[in-house]
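What the coordinates show
Here is how the chains run, residue by residue.
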Amino acid sequence: MDRALIIGASGGIGSALATALGARGVAVTGLSRSADGLDLTAPDAADRLAGIDGPFDLVVVASGALEIGGAAPEKTLRAVTAQAMLDQFALNAVGPALVLGQAHRLLPRRGRSVLAVLSARVGSIGDNRLGGWVSYRAAKAAVNQIVHTAAIELARSHPDAAVVALHPGTVQTAFTAKYLGRHPAVPAAEAAANLLAVIDVLTPEQTGRFYDWAGKEVPW
Ligand SMILES: NC(=O)c1ccc[n+]([C@@H]2O[C@H](COP(=O)([O-])OP(=O)(O)OC[C@H]3O[C@@H](n4cnc5c(N)ncnc54)[C@H](OP(=O)(O)O)[C@@H]3O)[C@@H](O)[C@H]2O)c1
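About the criteria used
- Residues numbered from 1 in each chain as written.
- Predicted model: local features only at pLDDT ≥ 70, side-chain atom pairs only at ≥ 80, totals over all residues.
- Heavy atoms only, no water.
- Helix = DSSP H or I, 4+ residues; strand = E, 2+ residues; numbered from the N terminus.
- Contact = heavy atoms within 4.5 Å.
- Near = heavy atom within 4 Å.
- Polar contact = N/O pair within 3.5 Å; in protein donor to acceptor, adjacent residues only side chain to side chain.
- Areas by Shrake-Rupley, 256 points an atom, 1.4 Å probe, with all protein chains shown as cover.
- Nonpolar A, V, L, I, M, F, W, Y, C, P; charged D, E, K, R; others polar.
- Buried < 20%, exposed > 50% of the residue type's maximum accessible area, 1.4 Å probe, protein only.
- Phe/Tyr/Trp six-rings, centres within 6.5 Å; stacked < 30°, edge-to-face > 60°.
- Lys NZ or Arg CZ within 6 Å of the ring centre and 35° of its normal.
- Pairing = 2+ DSSP bridges.
- Right-handed = clockwise from strand over helix to strand, strands pointing away.
- Axes fitted to C-alpha atoms, helices over the stretch in contact; angles between N-to-C directions.
- Left-handed = near helix turned anticlockwise from the far one by under 90°.

Mapping F175 onto the fold places it in the loop between β6 (171-172) and β7 (186-187). Expressed as a C-alpha distance, the spacing of F175 and G64, which sit 111 residues apart in the sequence, is 8.5 Å. Leave out the neighbours within four places in its chain, and F175 touches G64, A65, L66 and Y136.

See below:
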């Protein structure tokens with residue numbers, strides 16, 4: 001792997017991925033809202049993404065949020081508001097979709113490459129036994145569908161690429177700070193190492209699928 005692009009490189013997992021890749025000698029292009037003004041929900045997001053020079057052997061979409069505009073994840077359906085749900089979709093589903101819209105340029109047409117979108121196990125419909133967190137779950141379920149759809153299309157023009165959704169595990173970042181409680185969580189550096197171990201062995205035959213940090217497939 002020579003060149004990697006991390007979208008959301010300022011985040012806990014995104015920055016740990018950039019550090020780990022840099023330590024391997026990979027040339028990392030890291031982009032973020034806070035450092036580069038790349039707001040995936042802004043009207044100019046698609047144009048900004050269209051201006052990124054590729055190709056990259058690895059593209060990771062590490063952006064996302066659980067709480068947007070002060071709206072905490074819903075404990076019950078009665079707490080759903082249109083704005084909170086739209087905000088979740090804008091960042092966690094539409095944002096990655098805009099990146100995937102550039103995948104044909106960002107990935108090489110030949111030679112192994114990986115585009116990984118950080119999804120979340122709670123976006124799995126088959127794995128949902130607890131309910132709650134309606135907007136975040138639904139936005140992650142939507143991004144899973146978008147990843148799967150993109151993989152089908154890209155397989156035609158980029159046969160050596162693997163386009164996947166990845167669940168990073170429960171990770172100690174700003175994202176989880178308010179919600180962890182006693183739930184076990186790994187440091188971001190460990191999550192990055194886990195994710196790279198999965199990415200390292202992905203093959204084009206695995207494109208369009210959803211894996212966790214250990215490389216185990218997650219049900220849709
Ligand atoms: N942490 C976990 O336990 C966990 C579990 C499952 C899934 N995930 C997923 O993993 C991904 C990364 O999570 P994390 O824990 O690393 O979160 P984090 O530390 O809070 O980082 C979030 C990243 O998303 C970026 N971001 C937020 N709003 C944005 C916007 N409007 N436009 C562009 N970028 C935006 C942030 O950019 P700025 O800081 O520059 O604004 C930051 O780079 C998310 O998709 C999350 O759903 C995390």
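With that settled, the discussion passes to the side chain of H167. Relative to the helices and strands, H167 resides in strand β5 (residues 161-167). Discounting chain neighbours no more than four positions away, the residues touching H167 are S119, A120, R121, L195, F210, Y211, D212 and W213.

The next thing to look at is the site of the ligand. The immediate surroundings of the ligand are formed by 29 residues, with S10, R33, S34, S63 and T173 found nearest. G8 is positioned with one of its backbone polar atoms (N or O) 3.3 Å from an oxygen atom of the ligand. In the environment of the ligand, an oxygen atom lies 3.5 Å from a nitrogen or oxygen atom belonging to the backbone of G169. Coverage of the ligand by the protein amounts to 90% of the 900 Å² it exposes when considered alone. Broken down by secondary-structure element, the contributors of at least two residues to the shell around the ligand are α1 (12-23), α2 (33-36) and α6 (134-157). Grouping the constituent residues of the shell around the ligand by class yields 11 nonpolar, 15 polar and 3 charged.

Once that is clear, we can look at unusual backbone geometry. The omega angle of the peptide bond from G54 to P55 is -5°, so this bond is cis rather than trans. Tracing the chain through its elements places P55 in the loop between α3 (45-50) and β3 (58-61). Non-glycine residue W133 carries a positive phi angle of around 50°. According to the relative accessible area criterion, W133 is partly exposed, its value standing at 29%.

Looking at where D212 falls in the secondary structure, it is placed in strand β8 (residues 210-212). A polar atom in the side chain of D212 sits 3.0 Å from the side chain of R121. Polar contacts involving the side chain of D212 include one to the main-chain amide nitrogen of A214, which spans 2.9 Å. D212 has contacts with R121, H167, V198 and V218, leaving out every residue within four places of it along the chain.

Scanning the model with the defined rule gives 4 aromatic pairs in all. Note on F210 and W220: the rings are 5.7 Å apart at their centroids and 25° apart in plane angle, and the pair reads as stacked. Residue F210 is located in strand β8, and its partner W220 is located in the segment after β8; the two are separated by 10 residues in the primary sequence. Take F210: its relative accessible area is 0%, and that puts it in the buried class. Among the aromatic residues, ring-to-ring pairing joins W133, Y136, F175 and Y179 into one connected group. It is R3 that lies over the ring of F56; its NZ or CZ is 4.5 Å from the centre.

Here we come to the pairing of strand β1 (residues 3-7). When you tally the buried positions in β1, you get 4 out of 5 residues, the bulk of the element. The sheet contact formed by β1 and strand β2 (residues 27-31) spans 5 bridges and is parallel. Residue pairing for β2: I7 is matched across the bridge by L31. Handedness of the β1-α1-β2 crossover: right-handed.

Before going further, it helps to examine the packing of α1 against helix α7 (residues 188-201). Their axes nearest at 8 Å, the elements α1 and α7 cross at an angle of 65°. Note that α1 runs across α7; the crossing there is right-handed. Where α1 approaches α7, its residues G12, I13, A16, L17, A20 and L21 are matched on the opposing element by A188, A189, A192, L195 and L196. Of the residues contributing to the contact of α1 with α7, the split by class is 10 nonpolar, 1 polar and no charged.

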